[in-house]
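If you want the building blocks of each chain, they are given just below.
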Amino acid sequence: MSEINTIRTSLRQILWQDEFAVLEDLIKRYAPDDALRRKIEHDAISLVSTLRHDSTPALMEIFMAEYGLSTQEGVALMCLAEALLRVPDAHTIDDLIEDKIAPSEWGKHLGQSASALVNASTWGLLLTGKVLADEPRKSVSGYLHQAVKRLGEPVIRAAVTRAMKELGQQFVLGETIESAWKRGSKMMDKGYTYSFDMLGEAARTQEDADAYFEAYKAALTAIAKRASANDVAENPGISIKLSALHPRYESLQYRRVLSELSPKVLELCQLAASANIGLNIDAEEADRLDLSLDVIEQVLSDHSLASWEGFGVVVQAYGKRASATVDWLYQLASDLDRKLMIRLVKGAYWDTEIKLAQVEGLSAFPLFTQKASTDAAYICIAKQLLSKSDRLYSQFATHNAHTVCSVIQLADVLNTKHYEFQRLHGMGETLHNVVMSSHKTRCRIYAPVGSHKDLLAYLVRRLLENGANSSFVSQIVNQDISAAAIAADPFKLIEHGHTPVTPPAALFGERKNAQGWNLFDPIQRHVLLSMRDQFAETNWQVASICSVDVASAETHTVVNPADLNDTLGSAALIDDSSIANVIEHTQTWRADAAQRASSLRAAADLYEQHTGEIVAILQREAGKTIRDAIAEIREAVDFLRYYADQSLSLERDARGIMVCISPWNFPLAIFTGQIAAALAAGNGVIAKPAESTNIIAVRAVQWLHEAGVPADCLQLVLGTGQALGHSLCSHPAVAGVCFTGSTPTAQRINQTMAAHLAPSAPLIAETGGLNAMIVDSTALPEQVVRDVMISAFQSAGQRCSALRMLYIQEDVYEQTLEMLIGAMKCWYVGDPWDLSTDAGPLINAAAHQKIEAYITTCRDRGQLRFQSEPVSSSGYTLPATLIEVSGIEALSEEIFG
């Protein structure tokens, strides 16, 4: 197995390589020669011309060309399709239609489409838009418009609802396998076969996962009755999503996924094998690829699948690791003496992958950023697959004429017929009818099955893939684009070295984006954990950092709130007797703006260089999960670089000495942000961190000093707020206070400043609150639950922005709560040092006691709706808790956690 492990290592390394280097290597190995490429291009131009002159495009091809996502109207229709079928009440439907249709310019589409049906739809939308566009005015005319609007709503509502259902039917073959089979029989008579996909996306709860599993089993049983061919490639098949079979299908839940998911996938595969039908494991987002391969290897290794040739895997050609994935799958098949089906697709999540890489500050995109690169990669991988036909049966999913011609020519050169084409139900029918007739190729239709209410995520992806103005589906019906342009050789179109989207590091222009870490990548994860683990038992002894001598009043032992047996070290605290002397020996930063900016940027670099130590401190001292720790470092780095840039444009002189009092819930990010803002303007700073998180504050100040911030311009005092707060905020030399914390404390600071400081001294206060989310019936429950879990329970709810109150429309109340409770059952509270932990502890014993007492009171009142399993921990952990109250008026205070 050494060779397969070598390939796997190479596959992981490719993730961080330059996309053009990866593509260049792929082209060297597998690109057709110049003569074959010229023939392919000639054939493709001819095929496009044939499609345009001798056939009629399908309705959806015309529709998407007319209402693409590059138009305001296309977006409006997408919004309707996304939400309309979930809305239970007429009033909300009317408001939604008015909101999404009224502002759009439907009139400009009149007469633009050759399809009478599409033009008829445009007339309907135009008339509807005219009825709804006029705002009622305080006049006879206004009241008439209002009356017309009201009287027209039932008709409008019925028409638009029907239109959305028709739109869904273009993409869904049937609500059940039986109805789908009946509807698809005409296409089967023409020589097509099917791969059925049960509608639905990632499971949010175990109940969801169980339901998907049963749906897959039922579908397999139904398909098996209709599988009569000896060759598995001639039988209908099924496609499954691993993320639909486990509520936490992610790398950080690795152990649970392999132990709980793999047996279910194996059972489905055994059912498919017994019926001699194909089962394709659908592609997921890039961060799940490595995990998917582990599941695939574990399942495929089972001896019960030895003689089955229908195990299928989907590979996305836009991924830089696609070719290496094919190599790995081929080697796995060879080692296990298996034969596999490989469905090659262009890719389904391009926009999401791009944005995630940018937001997360990754060092490289996981995929090709140019469409031409993906098209070229697809052709290269097609050749790679066809050359491995002894083990791999190739399934080429495409609606692109040039890609189709490439596959046909490459197969001829390699003298193999061991492949098939695939297309989506509702898309590419004309293209593949022509190709099947001319070249006697096989074609399988990928056909979603399920209710229209589950259509959303699938429909969004299909429209994103095929509704863009650069897609073949859109261009083929656009007579303004020549056949030669549509069928152009993608290898000629690649702009080497040019990334058409902003790289993650350059997301903010000249200001460098903070470095991110991909925890789903085993290589980066190993590097980060190795850096962190060096500090697993480190003991820090910290004290105030001042340019004058200060006397310690007491020594505070620092204990890990998640593990009370873990002592991090100690912090020497001072009382208020030294504060006046510290303030009087603090200087403003008189360096010019360029020097200040340089020092702040240097501090940002030092933060990133010490990521391992920072993560360890944040986890052990503040109870942060590793995701939260990384996010906090990145926010702190962003603050330093942002304020460095701002310092260059400041015209005012420094105010003087600023006191910065920061909280424990963001002990590095907020601490750094306050200090960096004040220093950027040339102020002197006295920083007082929360007493629970002194260690990270000391290390941060040490790095700021190392970066060039003068010691007498930035001083750090450690002590309790009760001991130091009044003295820090009442000294007449203080020019302003920056504070983040509770509202009562902010009020006390404000009163102290008003009594002792100059009227011009500002108080910049960020305090807590009661944040609410309002959920109506148009919201997708899966998205609601995902966001509620993150907002309410991440950081153990210990953030000012945490969700406190959830309002849910009555029509979807129980349904949403049921899903939320299911998600809470899968939420893991515990030691944040463990990567699988979703939320760590509360910060200290006082916080734990207060919140536990609050929960007990609510339980006694009968308000406790759900609480997850008790947490086994030696720290201040509490289970995720859901409390039902009458409304926000029932919350008399902020329960911080």
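Since this is a predicted model, take the numbers as computed values, not measurements.

What am I meant to see in the packing of aromatic side chains here?
To describe a pair of aromatic rings, one takes the distance between the centres and the angle between the planes. Taken as a whole and assessed by the stated rule, the structure comprises twelve aromatic pairs. With a centroid separation of 6.0 Å and 65 degrees between ring planes, the pair formed by Tyr-607 and Trp-703 is classed as edge-to-face. One end of the pair, Tyr-607, is in helix α24 (residues 593–609); the other, Trp-703, is in helix α28 (residues 694–706), with 96 residues separating them in the sequence. Three or more aromatic residues joined by ring pairs form one cluster here, namely Tyr-378, Phe-396, Tyr-419 and Phe-421. The positively charged end of Lys-264 is found above the aromatic ring belonging to Phe-213, 5.4 Å away from the centroid. Here the guanidinium or amino end of Lys-624 rests over the ring plane of Phe-666, the centre of that ring lying 4.3 Å away.

Would you explain the sheet that holds strand β13 (residues 684–688) in this entry?
The strands making up a sheet associate through hydrogen bonds between their backbones, and the pairing can be parallel or antiparallel. Strands sit in the order β14-β13-β12-β15-β16 across an open sheet of five strands; the sheet is parallel. Lying at the two open borders of the sheet, with one neighbouring strand each, are β14 (714–716) and β16 (763–767). This sheet shows a mean twist of 15 degrees between the axes of neighbouring strands, independent of strand direction. With five bridges connecting them, strand β12 (residues 657–661) and β13 associate as parallel partners. By the bridge assignment for β13, Met-658 is matched with Val-685. Relative to β13, helix α29 (residues 721–730) is tilted by about 160 degrees, and along the sheet it contacts β12, β13 and β15 (734–741). Here helix α30 (residues 743–756) sits on the sheet and contacts β12, β15 and β16; the angle it forms with β16, its principal contact strand, is near 170 degrees.

What am I meant to see in the packing of helix α10 (residues 206–224) against helix α11 (residues 254–275) here?
Axis angle and axis distance: for two packed helices, these are the angle between their axes and the distance between the axes, and together they describe the pair. The geometry of α10 relative to α11 is characterised by a closest axis approach of 9 Å and an angle of 5 degrees between their N-to-C directions. As summarised for this structure, α10 and α11 are arranged roughly parallel, according to the angle between their axes. Only Lys-264, Glu-267, Leu-268, Leu-271, Ala-272 and Ala-275 of α11 make contact with α10, whose side of the interface consists of Gln-206, Asp-210, Phe-213, Tyr-216, Lys-217, Leu-220 and Ala-224. Of the residues in the contact of α10 with α11, the class split is eight nonpolar, one polar and four charged.

Would you explain the side chain of Ser-777 in this entry?
Here Ser-777 lies in the loop between β17 (771–775) and α31 (781–793). Residue classification places Ser-777 among the buried positions, given a relative accessible area of 2%. Among all residues touching Ser-777, those that are not within four sequence positions of it are Arg-86, Val-87, Pro-88, Asp-89, Thr-92, Gln-809 and Val-812.

When you look at the pairing of strand β8 (residues 443–449) in this model, what are you seeing that I'm missing?
Looking along a regular strand, one sees side chains alternate from face to face of the sheet. The buried fraction of β8 is high, at seven of seven residues. Because side chains alternate across β8, one face comprises the buried residues Cys-443, Ile-445, Ala-447 and Val-449, and the other comprises Arg-444, Tyr-446 and Pro-448, equally buried. Pairing geometry for strand β1 (residues 193–198) and β8, over six bridges, is parallel. Along β8, the bridge assignment pairs Thr-193 with Arg-444. The pairing of strand β7 (residues 419–424) with β8 spans four bridges and is classified as parallel. Note that in β8 the partner of Arg-423 across the bridge is Ile-445. In terms of handedness, the path from β7 via helix α17 (residues 429–439) over to β8 forms a crossover that is right-handed.

What is the right way to read the sheet that holds strand β3 (residues 279–281) from this model?
An order of β1-β2-β3-β4-β5-β6-β7-β8 is seen for the eight strands of this closed barrel, with the pairing classed as parallel. Strand-to-strand twist in this sheet, taken as the mean axis angle between neighbours without regard to direction, amounts to 30 degrees. Pairing of β1 with strand β2 (residues 237–240), which is carried by three bridges, proceeds in the parallel orientation. When the sheet's bridge partners are listed, Phe-196 is paired in β2 with Ile-238. Here α11 sits on the sheet and contacts β2, β3 and β4 (311–316); the angle it forms with β3, its principal contact strand, is near 150 degrees. The strands that helix α15 (residues 371–386) touches are β5 (340–345), β6 (392–397) and β7; relative to β6, the one it contacts most, it runs at about 155 degrees.

Could you clarify how one ought to interpret the pattern of salt bridges in this entry?
Pairs can form between side chains of opposite charge whenever their charged atoms are close. Across all of its chains, the model carries 43 salt bridges by this definition. We note a salt bridge from Lys-492 to Glu-41, for which the minimum N-O separation is 3.2 Å. With Lys-492 in helix α21 (residues 490–493) and Glu-41 in helix α3 (residues 34–54), this pair connects stretches of sequence that are 451 residues apart. Here Glu-285 ties to Arg-288 by a salt bridge, and the two come within 2.9 Å at their closest N and O atoms. Look at the salt bridges and you will find they share partners, linking Arg-8, Arg-12, Asp-290 and Asp-294 into a network.

Looking at this model, I keep getting lost on the packing of α31 against helix α32 (residues 813–825). Mind explaining?
Here α31 crosses α32 at 50 degrees, and the two axes come no closer than 10 Å. Comparing their axes, α32 and α31 come out oblique. In the packing of α31 onto α32, the handedness of the crossing is right-handed. On α32, the residues that touch Pro-781, Glu-782, Val-784, Val-785, Val-788, Met-789 and Phe-793 of α31 are Gln-815, Thr-816, Met-819, Leu-820, Ala-823 and Met-824. In terms of residue class, the contact of α31 with α32 is made up of ten nonpolar, two polar and one charged.

What am I meant to see in the confidence of the model for the chain here?
Detailed reading of the predicted coordinates is not advisable wherever pLDDT is low. For the chain, per-residue confidence averages 90 on the pLDDT scale, and residues scoring 70 or more make up 89% of the total. Throughout residues 136–145 the model reports pLDDT below 50, and contacts reaching past four residues in sequence, or to other chains, amount to five contacts.

Where do I start with the side chain of Gln-422 in this structure?
Mapped onto the secondary structure, Gln-422 falls in strand β7. Leaving out residues up to four positions away in the same chain, Gln-422 has contacts with Arg-343, Gln-395, Phe-396, Ala-397, Thr-398, His-432, Cys-443 and Arg-444.

I keep staring at α11 and nothing clicks. Help me out?
Residue pairs three or four apart in sequence face the same way in an α-helix, which turns once every 3.6 residues. The terminal C-alpha atoms of α11, which comprises 22 residues, lie 31 Å apart, in line with the 32 Å expected from a rise of 1.5 Å per residue. Largest kink in α11: about 35 degrees, centred on Leu-261, with the proline Pro-263 one to four residues after it. In the stretch just after α11, Asn-276 is the one whose phi turns positive, near 60 degrees.

Looking at this structure, how should I read the nonpolar core?
Side chains of nonpolar character tend, in soluble globular proteins, to be buried together. Core analysis: the largest hydrophobic core is formed by 110 residues, its most contacted members being Phe-196, Leu-279, Phe-311 and Phe-396. Sort the elements by how many residues they give to this core and α15 lands first, with ten residues. When residues no more than four places from it in sequence are discounted, the contact partners of Phe-311 are Cys-269, Leu-279, Ile-281, Ile-296, Val-299, Leu-300, Leu-340 and Met-341. Judged by nonpolar contacts, the second largest core, of 62 residues, contains Trp-517, Phe-535, Leu-668 and Ala-680.

Cut-off values and rules
- Residues numbered from 1 in each chain as written.
- Predicted model: local features only at pLDDT ≥ 70, side-chain atom pairs only at ≥ 80, totals over all residues.
- Heavy atoms only, no water.
- Phe/Tyr/Trp six-rings, centres within 6.5 Å; stacked < 30°, edge-to-face > 60°.
- Helix = DSSP H or I, 4+ residues; strand = E, 2+ residues; numbered from the N terminus.
- Lys NZ or Arg CZ within 6 Å of the ring centre and 35° of its normal.
- Pairing = 2+ DSSP bridges.
- Axes fitted to C-alpha atoms, helices over the stretch in contact; angles between N-to-C directions.
- Contact = heavy atoms within 4.5 Å.
- Parallel < 35°, antiparallel > 145°, perpendicular 65-115°, else oblique.
- Nonpolar A, V, L, I, M, F, W, Y, C, P; charged D, E, K, R; others polar.
- Buried < 20%, exposed > 50% of the residue type's maximum accessible area, 1.4 Å probe, protein only.
- Right-handed = clockwise from strand over helix to strand, strands pointing away.
- Salt bridge = Lys/Arg side-chain N within 4 Å of Asp/Glu carboxyl O.
- Left-handed = near helix turned anticlockwise from the far one by under 90°.
- pLDDT = per-residue confidence, 0-100.
- Expected span 1.5 Å × (residues − 1).
- Bend = angle between axes of the 7 residues up to and from the residue.
- Core = buried A, V, L, I, M, F, W, Y, C linked by side-chain atoms within 4.5 Å.

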